[in-house]
Amino acid sequence: MEELIRAFGNAKMAIIGTTNLALESLDKAMQQAVAEYKAMQQRIAELEEKEKQPK
């Protein structure tokens with residue numbers, strides 16, 4: 001029974017550790033994607049403003 005408890009604990013910790021790494025990786029990728037999107041939107045706004053100005 002103790003071996004089963006130990007195996008369950010090890011499996012649980014492995015799942016938690018792997019899930020945590022995966023979530024950290026997804027969070028980092030999401031932050032980068034959001035930053036790139038905001039930069040792109042800012043650049044578009046700048047270009048549209050420049051286009052509106054009389055020449």
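Our subject is the structure listed above.
Worth saying up front: this structure is predicted, and the values here are computed from it rather than measured. (Residues numbered from 1 in each chain as written. Predicted model: local features only at pLDDT ≥ 70, side-chain atom pairs only at ≥ 80, totals over all residues. Heavy atoms only, no water.)

Draft legend 1. Focus on the overall build of the chain. A count of helices and strands for the chain gives one helix and zero strands. Relative to a compact globule of 55 residues, whose C-alpha radius of gyration would be 10 Å, the chain shows 24 Å and is clearly more extended. Sorting the 55 residues of the chain into buried and exposed places 0% on the buried side. Of the accessible surface of the chain, which amounts to about 5,500 Å², a share of 62% is contributed by carbon and sulfur atoms. (Helix = DSSP H or I, 4+ residues; strand = E, 2+ residues; numbered from the N terminus. Rg over C-alpha atoms; globule rule 2.2 N^0.38 Å. Buried < 20%, exposed > 50% of the residue type's maximum accessible area, 1.4 Å probe, protein only. Areas by Shrake-Rupley, 256 points an atom, 1.4 Å probe, with all protein chains shown as cover.)

Draft legend 2. The arrangement of the pattern of salt bridges in detail. Following the criterion strictly, the structure yields one salt bridge and no others. Arg-43 serves as the salt-bridge partner of Glu-46, at 3.7 Å between the closest nitrogen and oxygen. Of this pair, Glu-46 and Arg-43 are both found in helix α1 (residues 2–52), three residues apart, which corresponds to roughly one turn of the helix. (Salt bridge = Lys/Arg side-chain N within 4 Å of Asp/Glu carboxyl O.)

Draft legend 3. Summary view of a nonpolar patch on the surface. A surface patch of nonpolar side chains, about 390 Å² in accessible area, is lined by Met-1, Leu-4 and Ile-5. Mapped onto the elements, Met-1 comes out in the segment before α1. (Patch = residues over 30% accessible without salt bridge, like charges linked within 9 Å, V, L, I, M, F, W, Y side chains within 5 Å.)

By themselves these figures say nothing about function.
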